[in-house]
Amino acid sequence: MKNLWEDVSLQFLNIDNKFLKTFTHLFTQPETIINGFIEGTRKKYINVIQYFAISLTLVGIQVFLMNTFFSDDLAHAMDFIKPFEKATGGKENPYYSSLASLEEINNYQSIIYICTVPIYTLATWLAYKIIKPVRRYNFTEHLVLNLYYNAQVIIITALLSILFLCFGFNYLLISGVVTFLVFIYLFWILKRVFNVSYLEGFAHFLLVMCMFTGIFLMVGVGIGITGIIIGYTN
């Protein structure tokens, strides 16, 4: 317990706050943190695994608060989804539970985030295999980049969701706005980490998004086919 408290104090309560520095510098100078970690400079900032773990902890807090204090907001969001349920066959749809219960999906956010990281990593790795930039990373180094990126996205999404729900904003509206900002942030990180112009960075971003979409669709189709096969066998 003493060692745990010392670690928490070191990361969050000391004057030279490593968490705050990591959080702010991932916006202002992401290349310093990401490239520095890959190159072995790791004392100034929280390491990538710890930072990702912190982000998942915040997701857990977000889910608890939403299910406990903001269940009405989730209900309103689910009302928005009801027309899609009817259009897709209602309860006869094998994916009905996913469409009908936003709260249930919300409970699995941490798992969804964890599963998304490899898809992002594969997308950036394949894209930069094609582009062949001056600064080249292997798959593991792309994993570091995407863990920091996703951790930052998760933290800001959780904080904004809790803050805006406190003021009564629609959860789906929040999600839409945050998603748009998340993609802008990905462009910013790719530009800074690989030290390219805005035009080159935008081209890199588009290729990464094409790769991500293609991989995501293939995974989705694979899951869908598996679900159909399981449905027939049952």
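Owing to the predicted nature of the structure, the values given are computational and were not obtained by experimental measurement. Each chain has its residues counted from 1, following the order in which its sequence is written. At least 70 in pLDDT is required for a residue's local features to be given in this predicted model, at least 80 for side-chain atom pairs to be given and counted, and no such filter applies to totals for whole chains, interfaces and linings, which use all residues. Here the side-chain values reflect all heavy atoms present in the structure, with hydrogen atoms and water set aside.

Caption draft 1: Local environment of the side chain of Asn150. Inspection of the secondary structure assignment puts Asn150 in helix 9 (residues 139-166). Accessibility expressed as a relative area gives 5% for Asn150, which makes it buried. Comment: elements are numbered from the N terminus, with helices defined as DSSP H or I runs of at least four residues and strands as E runs of at least two. The classification of residues rests on relative accessible area computed with a 1.4 Å probe and restricted to protein chains. Under 20% of the type maximum is buried, over 50% is exposed, and intermediate values are partly exposed.

Caption draft 2: How the structure looks around the packing of aromatic side chains. Pairing of aromatic rings covers Phe, Tyr and the six-membered ring of Trp, with a centre-to-centre limit of 6.5 Å; geometry is then stacked below 30 degrees between planes, edge-to-face above 60, and tilted otherwise. What the rule picks out here adds up to 17 aromatic pairs. Taken together, a centroid distance of 5.4 Å and an interplanar angle of 90 degrees make the contact between Phe23 and Phe27 edge-to-face. Here Phe23 and its partner Phe27 are both found in helix 2 (residues 18-28), 4 residues apart, which amounts to about one turn of the helix. Overall, Phe23 belongs to the buried group, its relative accessible area being 16%. Ring-over charges, as used throughout, are those where CZ of Arg or NZ of Lys falls within 6 Å of the ring centre and within 35 degrees of the ring normal. Cation over ring: Lys191 sits above Tyr198, and NZ or CZ is 4.6 Å from the ring centre.

Caption draft 3: Layout of the confidence of the model for the chain. Every residue carries a pLDDT, the predictor's confidence in it, which falls somewhere between 0 and 100. Chain-level pLDDT for the chain is 79 on average; 71% of the residues reach the 70-or-more range. Between two residues, a contact is recorded if the distance between any of their heavy atoms is within 4.5 Å. Every residue in residues 87-91 is under pLDDT 50, and counting partners more than four places away or in other chains gives 5 contacts. Per-residue pLDDT stays below 50 along residues 93-100; that stretch engages in 14 contacts with residues further than four places along the chain or on separate chains.

Caption draft 4: Up close: a nonpolar patch on the surface. Only residues above 30% relative accessible area that lack a salt bridge enter a patch, with like-charged residues linked at up to 9 Å and the nonpolar side chains Val, Leu, Ile, Met, Phe, Trp and Tyr linked at up to 5 Å. Per-residue and other accessible areas were derived by the Shrake-Rupley procedure at a 1.4 Å probe size, with only the shown protein chains allowed to occlude residues. A pairing counts as a salt bridge when a side-chain nitrogen of Lys or Arg comes within 4 Å of a carboxyl oxygen of Asp or Glu. Judged by side-chain polarity, Val177, Phe180, Leu181 and Ile184 come together as a nonpolar surface patch covering roughly 380 Å² of accessible area. Note on placement: Ile184 falls in helix 10 (residues 171-193). Under the relative-accessibility criterion, Ile184 is labelled partly exposed at 41%.

Caption draft 5: Local environment of the pattern of salt bridges. Within this structure, the stated rule accounts for 2 salt bridges. One salt bridge connects Arg192 with Glu31, and the closest N-O pair in it is separated by 2.7 Å. Placement of the pair is Arg192 in helix 10 and Glu31 in helix 3 (residues 30-39), with a sequence separation of 161 residues. In this structure Arg192 comes out as partly exposed when scored by relative accessible area, which is 24%. For the salt bridge of Glu39 with Arg135, the shortest nitrogen-to-oxygen distance reads 3.1 Å.

Caption draft 6: Highlighting the packing of helix 2 against helix 9. Axes, fitted as lines to C-alpha atoms, cover a helix only where it is in contact. Angles between the N-to-C directions of the axes lie from 0 to 180 degrees. Contact geometry of helix 2 with helix 9 gives a least axis separation of 11 Å together with a crossing angle of 105 degrees. Overall, the two elements helix 2 and helix 9 adopt an arrangement that is roughly perpendicular. For the pair helix 2 and helix 9, contact is made by Phe19, Thr22, Phe23, Leu26 and Phe27 and by Tyr148, Gln152, Ile155 and Ile156, respectively. Roughly parallel here means an angle under 35 degrees, roughly antiparallel means over 145, roughly perpendicular means 65 to 115, and every remaining angle is called oblique.

Caption draft 7: A look at unusual backbone geometry. Of note in the backbone geometry, Lys132 takes a positive phi value of approximately 55 degrees without being a glycine. Turning to its location among the elements, Lys132 is positioned in the loop between helix 8 (109-131) and helix 9. Taking relative accessible area as the criterion, Lys132 reaches 51% and is therefore assigned exposed. Even without a glycine there, the phi angle at Asn195 is positive, about 50 degrees. Mapping Asn195 onto the fold places it in the loop between helix 10 and helix 11 (198-233). According to the relative accessible area criterion, Asn195 is exposed, its value standing at 68%.

Caption draft 8: Spatial organisation of the nonpolar core. In terms of nonpolar packing, the biggest core is built from 53 residues, with Ile34, Tyr51, Tyr148, Tyr149, Leu186 and Phe194 touching the most fellow members. Secondary-structure elements contributing two or more residues to this core are helix 2, helix 3, helix 4 (48-69), helix 8, helix 9, helix 10 and helix 11. Of the residues forming this core, the biggest block, 11 residues, is contributed by helix 9. What we call a nonpolar core is a set of buried Ala, Val, Leu, Ile, Met, Phe, Trp, Tyr and Cys residues that are connected through their side-chain atoms within 4.5 Å.

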